[in-house]
Structures are given as structure tokens and as C-alpha cells.
Amino acid sequence: MLNEFLEQLKNKKSENTYLAYGRDLRAFEKYLKKDIVEAENGEVVKYVLYLKKAGVSTATINRKLSAIRAYFKFLMSKGLCEKDPTEGIKSPKIERKTLDYLSMDEVEKLLDATDGDTVKAMRDKAILELLYATGMKVSELLELKPEDVNLVVGFITCSGNHGAARIIPLGSMAKIAISNYIDNARDALLLTEEKDVPLFLNFYGTALTRQGIWKLVKQYGQEAGIEKEVTPQLIRNSFAAHMVLNGADVKTLQELLGNEDIMATQIYLSVKKTRIKDVYDKTFPRA
């Protein structure tokens, strides 16, 4: 029955969620030492406490609890159990962390650090401009093909998970950088006539790796003299934060970022609240 649930889930959730739920439910079953369908409310409570004691993060515990809830909802819909043992169990509260992002000045320094007329410089500038202009994840950037880029209209097609493609507009600076890379650098890296080749390539003519992108981003952050450790996630945060500060609504931002859950997007609204407080503190005489 677990396999049937996961197969059904495969068509509804992202690949990451599908795989995580599978691991979570099998781990719970291993903890129980019996079929999950036989779990009782007290056992679920004990499992949550066991995870806390083991040092598992609150976010991970909540995801595991969500997986168990979803499975029992499925079982009840099939008439295989009468009661949900997770009923009445509240998800642990997640402590809100301060969102870290680059200032506009830091972004300018980072992007300027890639200036140059070498093949590497043109490629790297296109990568960083694209990451900042779209807020896309590294995994999405690595999957891009040349046909996913429409420089005439000014958008990029991001395939996402399970073919759920989304269209992301491109800013003028990103279009210029990508056009320059395609026209003047990519052919020097293209060592094959195969058609199914990624947009961004390494010097072996093959796809860049996630680790390669992280090292690249970190390197330019250091060259730009930015004190924070610059990562692709920090650039994604910066894209989202700057969109919010310039008036973007959370629904639009959710679509641009490709977040399934709107809660994952709402964290960026804290940026606006912080800015309002800063303005209040600086302008109100009795602040």
C-alpha cells in the first residue's frame, strides 16, 4: 500500500518531495517495527520526541509529520483505517531566521567582478547575471538548453520538476550577457556536434556541475570583496528580496521562484517589514 501511495504522489508532488516522503515513511515504519497502518497516536508523539532528541531540525520533523499525515489521509480514503493517529498533534514551530541577502551595491560589485573578454569571463558573467535576473536554482540552471532561451522576446523557459515548465522574464543586462556568451564564447567550449547539450559548459565540453557553480560563485564573491559568503542561494534570496522591496506581490514571486508552497515564499516579506522599521527608526523623532 505504501508503494501505491508513493506512485500516486509521484504525479502530484515535486521529485524532491516524492523522494523525501518515501524516505520519511520507511524510516517511521522502521522505528515502529510494524506496518504504519497499525500506528497509534502515542507512537507518533513518541516518534516526534525521538527525532527532537536525536537533533533533527524542526523543518525536517515537520516534513516527516506531513508525510505521515498524507499517508493516513490516503489510507482513510481507501477505507483501510478508521482514524488518523496524527490528529491533534501540532507541528513544532519553526524559529524564524533573519533572511540574508546582498544589497544592490554588493550585487553590482559581484556582477562587475565577472567583466572580461575571455571565454571563462563571458560564460561566468552570463551565469551570474542569469541567477540574479531569474532567482532560479542551480539545478534548474544546469538543465537549461540553448532552445530554452528566447532573447528576442526576453524570457527563459525553466522546465522545473515533472515537466511543469514556467516562463521567467529576462532583464536587459542578463540578455546582453547571455547573448555575448552564446555569440562569442560557447562555440569555444562546444566540443561535440550532439544536439542535446546544456547551455552552459565547462572546458571539457560537458555540463557544469552543482559544485562547479558553487565554487564559481564563491570565487567571484571573494574577488568582489564581499564579506558574506556568496552562494547561489544568497543570490536567489537577493533576487526575491529586491523584487519585494520594489513592490512585487507574493503570488507573482511564488510563480517566478517556482515554489509549490506559498509559505516558502512568504519569508521574503520579512524584508519589507524590516525596511519599514528601519525607515521608521530613522525618520520618526521619538523612535
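The residue count restarts for each chain, going from 1 along the sequence in the order it is written. Restriction of local features to residues with pLDDT of at least 70 applies here, the model being predicted, together with a cutoff of 80 or more for giving and counting side-chain atom pairs; totals for whole chains, interfaces and linings are based on all residues. For the side-chain quantities, the full set of heavy atoms in the structure was used; hydrogens and water were omitted.

### Focus: the confidence of the model for the chain
Our working rule: Per-residue confidence from the predictor is given as pLDDT, running between 0 and 100. Secondary structure elements follow DSSP: runs of H or I no shorter than four residues count as helices, runs of E no shorter than two count as strands, and numbering proceeds from the N terminus.
Mean pLDDT over the chain works out to 88, with 91% of the residues at or above the 70 mark. Ranking the elements of the chain by mean pLDDT puts helix H14 (residues 269–283) last, at 64, and helix H6 (residues 119–134) first, at 97.

### Regarding the pairing of strand S2 (residues 155–158)
Worth spelling out the cut-off: Type-normalised accessible area, obtained with a 1.4 Å probe on protein chains alone, sets the label of each residue: buried when under 20%, exposed when over 50%, and partly exposed for intermediate values. Between any two strands, at least two bridges found by DSSP are needed for them to pair.
With burial as the criterion, only one face of S2 is covered, namely that bearing Ile 156 and Cys 158; the residues Phe 155 and Thr 157 on the opposite face remain uncovered. Both strand S1 (residues 149–150) and S2 contribute to a ladder of two bridges, which runs antiparallel. Its bridge partner being in S2, Asn 150 is matched across the sheet by Phe 155. Where S1 folds back onto S2 in an antiparallel hairpin, the turn is made up of four residues, including Gly 154, whose phi is positive at roughly 90°. Bridging between S2 and strand S3 (residues 166–169) involves four bridges; their strand directions are antiparallel. Within S3, the residue paired with Phe 155 across the bridge is Pro 169.

### Quick word on unusual backbone geometry
At Lys 33, a residue that is not glycine, the phi angle is positive and equals roughly 65°. Classification of Lys 33 by relative accessible area gives exposed; the value is 76%.

### Points about the packing of helix H2 (residues 15–32) against helix H3 (residues 41–53)
When two helices pack together, their arrangement is given by the angle between their axes and by how far apart the axes lie. Rule in force here: A fitted line through C-alpha atoms serves as each axis, taken over the contacting stretch for helices, and the angle formed by two N-to-C directions is quoted from 0 to 180°. An angle below 35 degrees is read as roughly parallel, one above 145 as roughly antiparallel, one from 65 to 115 as roughly perpendicular, and any other as oblique. In this analysis, two residues are considered to be in contact whenever any of their non-hydrogen atoms come within 4.5 Å of each other. Each residue is assigned to one class: nonpolar for Ala, Val, Leu, Ile, Met, Phe, Trp, Tyr, Cys and Pro, charged for Asp, Glu, Lys and Arg, and polar for all the others, Gly among them.
At a minimum axis separation of 11 Å, H2 and H3 run at an interaxial angle of 105°. Classified by the interaxial angle, the pair formed by H2 and H3 is roughly perpendicular. For the pair H2 and H3, contact is made by Asp 24, Ala 27, Phe 28, Tyr 31 and Leu 32 and by Glu 43, Val 44, Lys 46, Tyr 47 and Tyr 50, respectively. Looking at the contact of H2 with H3 residue by residue, the classes come out as seven nonpolar, no polar and three charged.

### So, the pattern of salt bridges
Put simply, the rule reads: Criterion for a salt bridge: a side-chain nitrogen of Lys or Arg within 4 Å of a carboxyl oxygen of Asp or Glu.
As enumerated under the stated definition, the model contains 12 salt bridges in all. The residue Glu 4 makes a salt bridge to Lys 78 at a minimum N-O spacing of 3.2 Å. Note that Glu 4 is positioned in helix H1 (residues 2–10) and Lys 78 in the loop between helix H4 (58–77) and helix H5 (104–112), a separation of 74 residues in sequence. For Lys 78, a relative accessible area of 43% gives the class partly exposed.

### A closer look at the sheet that holds S1
Spatially, three strands are ordered S1-S2-S3 in an open sheet, and the strand pairing comes out antiparallel. Looking at strand neighbours, the two that pair on one side only are S1 and S3, the edges of this open sheet.

### What about the nonpolar core?
Applicable threshold: What makes a nonpolar core is a set of buried Ala, Val, Leu, Ile, Met, Phe, Trp, Tyr and Cys residues whose side-chain atoms join them at distances within 4.5 Å.
Ile 127, Leu 130, Met 136 and Phe 200 are the most contacted members of the largest nonpolar core, which has 50 residues in total. Listed by contribution, the elements that provide at least two residues to this core are H5, H6, helix H7 (138–143), S2, helix H8 (172–184), helix H10 (210–223), helix H11 (232–245) and helix H12 (250–257). Of all the elements, H6 adds the most residues to this core, at seven residues. Once residues lying within four places of it in the same chain are set aside, the contact partners of Leu 130 are Gly 135, Met 136, Leu 141, Leu 144, Ile 156, Leu 170, Ile 178 and Phe 200. In this structure, Ala 39, Tyr 47, Leu 65 and Phe 72 belong to the second largest nonpolar core, which totals 25 residues.

### Here we look at the environment of Val 149
Along the chain, Val 149 turns up in strand S1. Sequence separation of Val 149 and Glu 87 is 62 residues, and the distance between their C-alpha atoms is 47 Å. Beyond its immediate stretch of four places on either side in the chain, Val 149 contacts Phe 155, Ile 156, Leu 170, Ile 178 and Leu 199.

### A look at the packing of aromatic side chains
For clarity, the cut-off: Working definition: rings of Phe, Tyr and Trp (its six-membered ring) pair if their centres are within 6.5 Å, and the pair is stacked with planes under 30 degrees apart, edge-to-face with planes over 60 apart, and tilted otherwise.
Tallied over the entire structure, the rule returns nine aromatic pairs. Ring plane angle 50° and centroid distance 5.4 Å describe the contact between Phe 5 and Phe 74, whose orientation is recorded as tilted. Linking Phe 5 in helix H1 with Phe 74 in helix H4, this pair joins segments that are 69 residues apart in sequence. Judged by its relative accessible area of 4%, Phe 5 falls in the buried class. On the basis of an interplanar angle of 45° and a centroid distance of 4.8 Å, the ring pair of Phe 28 and Tyr 47 is categorised as tilted. With Phe 28 in helix H2 and Tyr 47 in helix H3, this residue pair connects regions lying 19 residues apart in the sequence. Here the two residues Phe 28 and Tyr 47 agree in accessibility, since each one is buried. The structure contains a cluster of three or more aromatic residues connected by ring pairs, namely Phe 5, Tyr 71, Phe 72 and Phe 74.

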